[in-house]
Amino acid sequence: MEKRVSFLLLVILVISGIGCGTRNSNENANLESISSNREEAFTKMVADDIAAPVAISVAAVDLEPKVIKTANVSIEVADYLKSRQKVDSIVAKHKGYVTNEAFQETDDQKSNSITIRVPAQNFDLLLSDIATIAKRIDYQNIYTQDVTEEYIDVKTRLANKQEVERTYRKHLRVAKNIEDILKIENKLAEIRSEIESAQGRLKYIDHQVNLSTVSLYLYQKLEYKYIPEELPGFWQRVKEGFHWGWKGFIWFLILLVKLWPLWLIGAIAYFTIILIKKQIKSRKKKEKKAKKLQKRAKQTDETVM
């Protein structure tokens, strides 16, 4: 009887444990599902808010034309110094400034390459005043670059990015989940970088549009004057001749000293050749003397017989 009661209690405990485990796993699954659904809903809400203002910001772009003006001018002047001073006066008159210049003087010409930045509204007036100081205008080339389309494109993208930034900041204030906060802050950093890049490009375009560039080549032709070369007198040339002759002789002696290894090798070769010649000559004499002795001995033998 007691064994049956114990067995029934064991079965009841096992069934209770299985039921608790199943309930816990179901609760965890439900929590994960709720968290996932909440994150998807939050992401969708942010995406919907971001996509909404794009069409609105495009219509707000200013359509004022943006044109960059540049000019290349070459003029001949009668007096370079006076004309250069007049160029400075003209530039100051039209509220411009010189960014760089390169002066050059040769036997037949004085010239200067000058780069001028001037407000766009004074561009034509400055060119007209420069023409008044010219003895002759070689060329005057004017170029215009319309950057309105690029400006509108950059400004539109900037407006959209700024609206997206405001939307993210609004959601950042109400976000409570750490993961959502980190995601929004990362996106804000990316958008801020893009906004600053677009703002920098707009400032550069405005600067190029507001200030036109004039590249001026200013020159004066000089009359060529022949200046005969001054030659030294006769005695001066004789003196220089002695000087350079003595100097050359000293250099020759120094050269001979520098070549001492060659002299040593030449001397060794010379004495070696002389020694070999003496040996050859001595051997020939001995051979000749031996032949004479043999001849005499032969003649003596014939006489005896």
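Residues numbered from 1 in each chain as written. Predicted model: local features only at pLDDT ≥ 70, side-chain atom pairs only at ≥ 80, totals over all residues. Heavy atoms only, no water.

Q: Run through the overall build of the protein, naming residues and quoting values.
A: Scanning the protein for helices and strands turns up eight helices and five strands. In the protein, the succession of α and β elements from N to C terminus is α-α-β-α-β-β-α-β-α-α-β-α-α. The 305 residues of the protein split such that 23% are buried. Here the contacts in the protein between residues at least 6 apart in sequence split such that 81% fall between residues at least 24 apart. Accessible surface for the protein amounts to roughly 23400 Å². Of this, 60% is attributable to carbon and sulfur atoms. (Helix = DSSP H or I, 4+ residues; strand = E, 2+ residues; numbered from the N terminus. Buried < 20%, exposed > 50% of the residue type's maximum accessible area, 1.4 Å probe, protein only. Contact = heavy atoms within 4.5 Å. Areas by Shrake-Rupley, 256 points an atom, 1.4 Å probe, with all protein chains shown as cover.)

Q: Tell me about the sheet that holds strand β3 (residues 109-119), and please be specific about residues and values.
A: Read across the sheet, five strands follow the order β2-β3-β5-β1-β4 without closing on themselves; strand pairing throughout is mixed. Of all the strands in the sheet, the pair left with one neighbour each is β2 (97-105) and β4 (136-146). Across the sheet, the mean angle from the axis of one strand to that of its neighbour is 10°, orientation sign disregarded. Pairing analysis gives 11 bridges linking β3 to strand β5 (residues 211-221), with the strands arranged antiparallel. What sits directly across from S113, in β5, is Y217. The strands that helix α3 (residues 80-93) touches are β2, β3 and β5; relative to β3, the one it contacts most, it runs at about 5°. (Pairing = 2+ DSSP bridges. Axes fitted to C-alpha atoms, helices over the stretch in contact; angles between N-to-C directions.)

Q: Can you tell me about the environment of R117, naming the residues and giving the values?
A: Tracing the sequence through the fold places R117 in strand β3. Taking the C-alpha atoms as reference points, R117 and S215, 98 residues apart in sequence, are found 9.0 Å from one another. Residues within four places of R117 in sequence aside, it is in contact with G96, Y97, T99, H207, Q208, L211, S212 and T213. Within polar-contact distance, the side chain of R117 engages the backbone oxygen of L211 at 2.8 Å. (Polar contact = N/O pair within 3.5 Å; in protein donor to acceptor, adjacent residues only side chain to side chain.)

Q: An account of the packing of helix α5 (residues 148-174) against helix α6 (residues 178-210) is requested, with residue identities and associated values reported.
A: Between α5 and α6, whose axes approach to 9 Å, the crossing angle comes to 155°. Taken together, the axis directions place α5 and α6 in an arrangement best described as roughly antiparallel. In terms of crossing hand, the pair formed by α5 and α6 is left-handed. (Parallel < 35°, antiparallel > 145°, perpendicular 65-115°, else oblique. Left-handed = near helix turned anticlockwise from the far one by under 90°.)

Q: Help me get a handle on α5, residues and values and all.
A: Helix length check: α5 (27 residues) gives 40 Å between terminal C-alpha atoms against 39 Å at 1.5 Å per residue, within 8%. The set of residues buried in α5 consists of T148, Y151, V154, T156, L158, N160, V164, E165, T167, Y168 and H171. (Expected span 1.5 Å × (residues − 1).)

Q: Account for unusual backbone geometry, with residues named and values stated.
A: For K95, which is not glycine, the phi dihedral falls at a positive 60°. Along the polypeptide, K95 turns up in the loop between α3 and β2.

Q: Could you give me a rundown of the packing of aromatic side chains, with the residues and numbers involved?
A: Counted according to the given criterion, the structure contains four aromatic pairs. Considering the side-chain rings of Y80 and F103, the 5.3 Å spacing of their centres and the 45° angle between planes classify their relative orientation as tilted. Taken together, the residues span a long stretch of sequence, with Y80 in helix α3 and F103 in strand β2 at a distance of 23 residues. The class for F103 is partly exposed, based on a relative accessible area of 45%. (Phe/Tyr/Trp six-rings, centres within 6.5 Å; stacked < 30°, edge-to-face > 60°.)

Q: Provide a residue-level description of the packing of α3 against helix α4 (residues 123-132), including the pertinent values.
A: Where α3 meets α4, the closest approach of the two axes is 10 Å, and the angle between their N-to-C directions is 160°. When the axis of α3 is compared with that of α4, the two are roughly antiparallel. When you trace α3 past α4, the crossing you get is right-handed. When α3 is examined against α4, the residues I90, V91 and K93 are found in contact with a partner set consisting of L126, D129 and I130. Of the residues assigned to the contact of α3 with α4, the class counts are four nonpolar, no polar and two charged. (Nonpolar A, V, L, I, M, F, W, Y, C, P; charged D, E, K, R; others polar.)

Q: So, the pattern of salt bridges: which residues are in play, and what are the values?
A: This structure, assessed with the given rule, holds 15 salt bridges. In this structure, the salt-bridge partner of R84 is E101, at a minimum N-O distance of 2.9 Å. Residue R84 is found in helix α3, and its partner E101 is found in strand β2; the two are separated by 17 residues along the sequence. Looking at R84, the relative accessible area reads 11%, which means it is buried. (Salt bridge = Lys/Arg side-chain N within 4 Å of Asp/Glu carboxyl O.)

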